[in-house]
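# Geometric and topological summary
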Amino acid sequence: MPIPHLTTEYLLEKACAEAMLFKDEIAVLLRLEDRAEMVKLFQAADSVRKRVHGDAVHLRGIIEFSNRCARQCVYCGLRAPNPELHRYRMEPEEIIEIARQAVALGYKTVVLQSGEDIWYDPEKMCHIIREIKAMDVVITLCMGEKSHEEYRHYREAGADRYLLKHETADPALYASLHPDMQFENRIRCLEWLRELGFQVGSGNMVGIPGQTPEILAEDILLMKRLDVEMAGIGPFIPNADTPLASHPRGNLDMTLKTLATARLLMPGAMLPATTATGTLDPFGRQKALKAGANVVMPNVTPLHYRQHYQIYPDKICLGEEPGDCRDCIQAIIQSLGRTVGTDAGHSPKVISNRPQPRALVRRGSDLGGL
Ligand code: SAM
Ligand code: SF4
Ligand code: FES
């Protein structure tokens, strides 16, 4: 039985006016089941997106450069103990060449994503980052937990953003999903990234075992406290070669409700319509773009590698060349009456108040004018 004053209208009005709700209030929105009420939530998020970001959808070309991983996250197909996966690792020059092709396709941001693979030491990574940065493109890294020193090297080499999802804000649930990682360390890494002047991205999965609407509410509140520039919110999709093989997949409505509520509470954040949402539902990304999302991350990994980056099964775009995905996504965006972003697509909340590492400030970083 909902608490009488917590009507959808009251909560949406409050969230739109204050960009804040209490945990229990968020949980009420996440528990909405009536379709008309859910649509009100999605429309409120869509109007905040339009007011703060306009109609541009920003594209990030993602290069999945290694599927080797030392970790054991129980939900992920790349986990070290999975013997079924054919492993690959790209040479630095190959990654640089693929980034060049992504830039030629018009991408203004290149995302470098991998398992936690220490073969890419700071020397290799900084070389890759410097070469790609010279193409006048924004670089996002997504390669897991590293030391403060390693993050500093990446930043000084020119990386702009770092995506490290907290996955779940509930420490006990986090521990059960990550036998070899600690929640405190994940948060410490996110704080280091912030200190070093990265634009910080976090995020969570929706539908992991043991999750409640209250825990999802904590996810949103944690990202708000961390003041993230990006929040990747997508459904959990079970992988047969992991310990969570028989757990049901995340639910599309719950994913969209979480995304829409995140938009209300974090108006300035960049929110992707994730690939996992597109995998769950053929129109998942379109639905996410109409519920607060303003970013899409098309894959630019060459096809012969792409099939082996099997985080979860049946991932979309496994048979499409990078140029096909670029055209496809443009058509999707236009079909929604939106436009493809033509600039770097930084969060409007990213301005020069972020600390800049000395090396970058000295040489007049191109981040200075963000
Ligand atoms: N290793 C890096 C890390 O963990 O941050 C980057 C690569 S990891 C494959 C990227 C993301 O994939 C994770 O943050 C996680 O949320 C997502 N992921 C892994 N397994 C998944 C699954 N079964 N369903 C949905 N998302 C999953
Ligand atoms: Fe490795 Fe990332 Fe997958 Fe965890 S989520 S197993 S760190 S690739
Ligand atoms: Fe890859 Fe549509 S984005 S085929």
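Being a predicted model, the structure only gives us computed values, none of them experimental.

## Considerations on helix 6 (residues 148–157)
Those residues of helix 6 that sit buried are Glu150, Tyr151, Tyr154, Arg155 and Ala157. One side of helix 6 holds all its buried residues, which, seen down the axis, span an arc of 165°. Directly beyond the C-terminal end of helix 6, a positive phi value near 125° is found at Gly158.

## Here we look at unusual backbone geometry
Apart from glycine, the bulk of residues carry a negative phi angle, and the bulk of peptide bonds sit in the trans form. Backbone geometry places Ala19, a non-glycine residue, at a positive phi of 50°. Positionally, Ala19 belongs in the loop between helix 1 (8–18) and helix 2 (23–30). For Ala19, a relative accessible area of 15% translates into the label buried. A positive phi angle is found at Asp227, which is not glycine, with a value near 60°. Within the secondary structure, Asp227 is located in the loop between helix 9 (213–226) and strand 7 (230–235). Judged by its relative accessible area of 36%, Asp227 falls in the partly exposed class.

## Observations regarding the site of ligand 1
Around ligand 1 there are 16 residues in total, and Tyr75, Ser114, Glu167, Ile237 and Ile311 lie nearest to it. Backbone polar atom of Tyr75 to a nitrogen atom of ligand 1: 2.9 Å apart, as the coordinates give it. Contacts to ligand 1 include Ile237, whose backbone N or O atom sits 2.7 Å from a nitrogen atom. Coverage of ligand 1 by the protein amounts to 93% of the 550 Å² it exposes when considered alone. Tallied by class, the residues present in the shell around ligand 1 amount to ten nonpolar, four polar and two charged.

## Comments concerning the sheet that holds strand 1 (residues 56–59)
Here three strands make up an open sheet; going across it, the order is 8-1-9 and the pairing parallel. Edge positions in the sheet fall to strand 8 (295–296) and strand 9 (339–340), since each of these pairs with one other strand and no more.

## Here's the deal with the confidence of the model for the chain
Where the model shows low pLDDT, its predicted coordinates should not be examined in detail. In the predicted model, the chain carries a mean pLDDT of 94, and 93% of its residues have values of at least 70. Below pLDDT 50 for its whole length, residues 351–370 participates in 31 contacts with residues either more than four positions away or in separate chains.

## Description of the pairing of strand 7
Strand 7 sits mainly inside the fold: six of its six residues count as buried. Alternating positions in strand 7 separate into two faces, Met230, Gly232 and Gly234 on one and Ala231, Ile233 and Pro235 on the other, with burial throughout. As judged from the six bridges shared by strand 6 (residues 199–206) and strand 7, these two strands associate in the parallel manner. Looking at the pairing, Gly203 lines up with Gly232 of strand 7. For the crossover from strand 6 across helix 9 to strand 7, the handedness is right-handed.

## As for the packing of aromatic side chains
Under the defined criterion, the tally for this structure stands at six aromatic pairs. Residues Trp119 and Tyr120 carry aromatic rings whose centres are separated by 4.9 Å and whose planes lie at 90° to one another, so their mutual orientation is edge-to-face. Of the residues examined, Tyr120 reaches a relative accessible area of 1% and is grouped as buried. Ring centres of Tyr151 and Tyr162 lie 5.0 Å apart, and the angle between their planes is 75°; this geometry places the pair in the edge-to-face category. Here Tyr151 is found in helix 6, whereas its partner Tyr162 is found in strand 5 (residues 161–163), with eleven residues between them in sequence. Accessibility expressed as a relative area gives 0% for Tyr151, which makes it buried. Through a chain of ring-to-ring contacts, the aromatic side chains of Phe65, Trp119 and Tyr120 assemble into a single cluster. Above the plane of the ring of Trp119 lies Lys124, whose end atom (NZ or CZ) is 4.3 Å from the centre. Here Arg155 stacks its cationic end above the ring of Phe198, 5.7 Å away from the centre of that ring.

Calculation criteria
- All residue numbers refer to positions counted from 1 along the written sequence of the respective chain.
- Lettering for chains starts from A, numbering for ligands starts from 1, and both go in the order in which the items are written.
- Per-residue local features of the predicted model are confined to residues with pLDDT of at least 70, and side-chain atom pairs are confined, for both listing and counting, to 80 or more; whole-chain, interface and lining totals are unaffected and use all residues.
- Excluding hydrogens and water, the side-chain values take into account all heavy atoms of the structure.
- Relative accessibility decides the category of a residue: with a 1.4 Å probe and only protein chains considered, values under 20% of the type maximum give buried, values over 50% give exposed, and everything between is partly exposed.
- Secondary structure elements follow DSSP: runs of H or I no shorter than four residues count as helices, runs of E no shorter than two count as strands, and numbering proceeds from the N terminus.
- Note that the arc is computed from the directions linking the helix axis to the C-beta atoms.
- For this description, a residue counts as near a given molecule or strand if any of its non-hydrogen atoms is within 4 Å of it.
- Two N or O atoms form a polar contact when they lie within 3.5 Å of each other; inside protein one atom must be a possible hydrogen donor and the other a possible acceptor, and for residues adjacent in sequence the pair counts only when both atoms belong to side chains.
- Per-residue and other accessible areas were derived by the Shrake-Rupley procedure at a 1.4 Å probe size, with only the shown protein chains allowed to occlude residues.
- Residue classes follow a fixed rule: Ala, Val, Leu, Ile, Met, Phe, Trp, Tyr, Cys and Pro count as nonpolar, while Asp, Glu, Lys and Arg count as charged, and any other residue, Gly among them, counts as polar.
- For two strands to count as paired, DSSP must find a minimum of two bridges between them.
- A score from 0 to 100, pLDDT tells how confident the predictor is in each residue.
- We call two residues contacting when some pair of their heavy atoms lies within 4.5 Å.
- With strands facing away from the observer, any crossover in which the path from the first strand over the helix to the second runs clockwise is taken as right-handed.
- Each pair of aromatic rings taken from Phe, Tyr and Trp, with Trp reduced to its six-membered ring, is defined by centres within 6.5 Å and is described as stacked if the planes are under 30 degrees apart, edge-to-face if over 60, and tilted in the remaining cases.
- Whether a charge sits over a ring comes down to the Lys NZ or Arg CZ being within 6 Å of the ring centre and within 35 degrees of the ring normal.

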